Amino acid sequence: YDSRTIPYRRGDITDRNGNLLAKSEKVYNVVLDCMAINSMDEYVEPTIHAVSECFGIEEAEVRDRISSEDTKESQYQVIKREISIEEKQAFEDYTDLSEERIEEDHLSEAQREELGNVVGVWFEESYIRTYPMNSLACTVLGFANKLNDGIFGLEAYYTDVLNGVNGREYGYLNENHELEANIIEPENGSSLVTTIDMNIQQVVE
C-alpha cells in the first residue's frame, strides 16, 4: 500500500485586462527508488548514466546516493529539485523504447537493452510561484512562499481564495500483485482579477 499527495495549483493574479502578474508554474523533483535500482546489478549503471546525462548530475553523486549504506534501501531519494517540464520530457524521450523511437534513432540491441534497464526514476510534481512582470506593483501584489502562504499584499489578503486543496493518489497491490490505484483530483485555487492596469502602472512607476 502507498499513497502520494497531488499538489493543487495556486490561482493566478491578473491585471484588469487579463495580463498575468503572478502565476504558479509546474516543476518536478527527480526521485530515485534506490531499492528498485539495486534489485538487479544490471539496473545500476544504465540508470546512473541516464540520470547523469539528462539532468547534468555527476555520475559519482548519483552512484553514491544509490549505493550508500544510508540510502541504498530507500525508495525516496530526491536527486534534483524543481526541474522544468522540458527537462522531464527530455528524460522520458531518452528512455523511450517505442517502435517509432527505435526506428528513428536506429537503436542497436545493446542500446535497447541498456535503456530497458533504466529503472527506479520517477517525478514528483510541485509548483513554484513566479511574477512575469518582475517587480511591477510588487508592493501591492506581495508574494507567496513555497508552502503557498501569502506573505503580504494581495497574496496574503486573498490567500484563502488563491489556494486550493491537495489531491491524493492511493495505490496498493491486490492478491494477484496487480496495482490498484484510486485518485482524488486536487482542487485548484481560484484566480484573482485586480483593478490594476499594467500599462498605466508601468507609466506611474
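Residues numbered from 1 in each chain as written. Predicted model: local features only at pLDDT ≥ 70, side-chain atom pairs only at ≥ 80, totals over all residues. Heavy atoms only, no water.

**Quick look at the overall build of the chain**
Working step 1: Of the regular secondary structure elements, the chain holds 10 helices and 10 strands.
Working step 2: The C-alpha radius of gyration computed for the chain amounts to 22 Å, which surpasses the reference 17 Å derived for 205 residues by more than 25%, pointing to a less compact arrangement than a globule.
Working step 3: Projected onto its principal axes, the C-alpha positions of the chain cover 65 × 40 × 35 Å.
Working step 4: Across the chain, every contact between residues at least 6 apart in sequence was considered, and the portion connecting residues at least 24 apart equals 68%.
Working step 5: One way to put it: in the chain the 17 positive side-chain charges average out to a point 7 Å from where the 43 negative ones average out. (Helix = DSSP H or I, 4+ residues; strand = E, 2+ residues; numbered from the N terminus. Rg over C-alpha atoms; globule rule 2.2 N^0.38 Å. Contact = heavy atoms within 4.5 Å. Lys, Arg positive; Asp, Glu negative; His and termini not counted. Charge placed at Lys NZ, Arg CZ, Asp CG, Glu CD.)

**What to know about a negative patch on the surface**
Working step 1: A contiguous patch of negative charge on the surface is contributed by Asp-41, Glu-42, Glu-109, Glu-113 and Glu-114.
Working step 2: Mapped onto the negative patch, the elements with two or more residues apiece are helix H2 (41-55) and helix H6 (109-116).
Working step 3: When residues in the negative patch are grouped by element, the largest group, 3 residues, is from H6.
Working step 4: Position of Glu-113 among the secondary structure elements: in helix H6. (Patch = residues over 30% accessible without salt bridge, like charges linked within 9 Å, V, L, I, M, F, W, Y side chains within 5 Å. Areas by Shrake-Rupley, 256 points an atom, 1.4 Å probe, with all protein chains shown as cover. Salt bridge = Lys/Arg side-chain N within 4 Å of Asp/Glu carboxyl O.)

**Details of unusual backbone geometry**
Working step 1: For Glu-82, which is not glycine, the phi dihedral falls at a positive 55°.
Working step 2: Take Glu-82: it is sitting in strand E4 (residues 77-83).

**Here's the deal with the pattern of salt bridges**
Working step 1: Taken as a whole and assessed by the stated rule, the structure comprises 13 salt bridges.
Working step 2: Residue Lys-23 is joined to Glu-25 by a salt bridge in which the shortest nitrogen-to-oxygen separation is 3.3 Å.
Working step 3: Overall, the relative accessible area of 32% leaves Glu-25 in the partly exposed class.
Working step 4: The partner of Glu-45 in a salt bridge is Arg-63, and the shortest N-O contact between them spans 2.8 Å. Remark: Arg-63 occurs in helix H3 (residues 59-67) and Glu-45 occurs in helix H2; sequence separation between them is 18 residues. (Buried < 20%, exposed > 50% of the residue type's maximum accessible area, 1.4 Å probe, protein only.)

**Some remarks on the state of the cysteines**
Working step 1: Tallied over the entire structure, the rule returns 0 disulfides.
Working step 2: Not engaged in a disulfide, the cysteine Cys-54 finds its nearest cysteine sulfur in Cys-34; these two sulfurs lie 17 Å apart.
Working step 3: Cys-54 sits in the buried class, given a relative accessible area of 19%. (Disulfide = S-S within 2.5 Å.)

**Overview of the nonpolar core**
Working step 1: Judged by nonpolar contacts, the single largest core of 20 residues is most densely connected at Val-30, Leu-32, Val-51, Phe-55, Val-62, Phe-91 and Phe-123.
Working step 2: At the level of elements, strand E3 (20-32), helix H1 (34-37), H2, H3, E4 and strand E5 (121-130) are the ones that each hand at least two residues to this core.
Working step 3: No other element matches the 6 residues that H2 contributes to this core.
Working step 4: With near-sequence residues (within four places) excluded, Val-51 lies in contact with Leu-32, Gly-56, Ile-57, Val-62, Ile-79 and Val-121. (Core = buried A, V, L, I, M, F, W, Y, C linked by side-chain atoms within 4.5 Å.)

**Observations regarding the packing of H2 against H3**
Working step 1: Packing of H2 against H3 leaves a shortest axis separation of 9 Å and a crossing angle of 135°. As far as their axial angle goes, H3 and H2 are oblique. Remark: the crossing between H2 and H3 carries right-handed chirality. Contacts between H2 and H3 involve Glu-45, Ile-48, His-49, Val-51 and Ser-52 on the former and, on the latter, Glu-59, Val-62, Arg-63 and Ile-66. (Axes fitted to C-alpha atoms, helices over the stretch in contact; angles between N-to-C directions. Parallel < 35°, antiparallel > 145°, perpendicular 65-115°, else oblique. Left-handed = near helix turned anticlockwise from the far one by under 90°.)

**Things to note about the packing of H2 against helix H4 (residues 85-94)**
Working step 1: Contact geometry for H2 and H4: axes closest at 10 Å, N-to-C directions at 140°. Between H2 and H4, the interaxial angle falls into the category oblique. Crossing geometry of H2 relative to H4 is assigned as right-handed. Where H2 abuts H4, its residues His-49, Ala-50, Glu-53, Cys-54 and Phe-55 lie against Glu-87, Phe-91 and Tyr-94.
Working step 2: Grouping the constituent residues of the contact of H2 with H4 by class yields 5 nonpolar, 1 polar and 2 charged. (Nonpolar A, V, L, I, M, F, W, Y, C, P; charged D, E, K, R; others polar.)

**Here we look at the environment of Arg-65**
Working step 1: Here Arg-65 is to be found in helix H3.
Working step 2: Residues Arg-65 and Ile-79, spaced 14 residues apart in sequence, show a C-alpha to C-alpha distance of 8.1 Å.
Working step 3: In this structure, Arg-65 is in contact with Leu-32, Cys-34, Thr-71, Lys-72, Gln-77, Val-78 and Ile-79, ignoring residues within four places of it in sequence.

These figures come from the coordinates and say nothing about function on their own.
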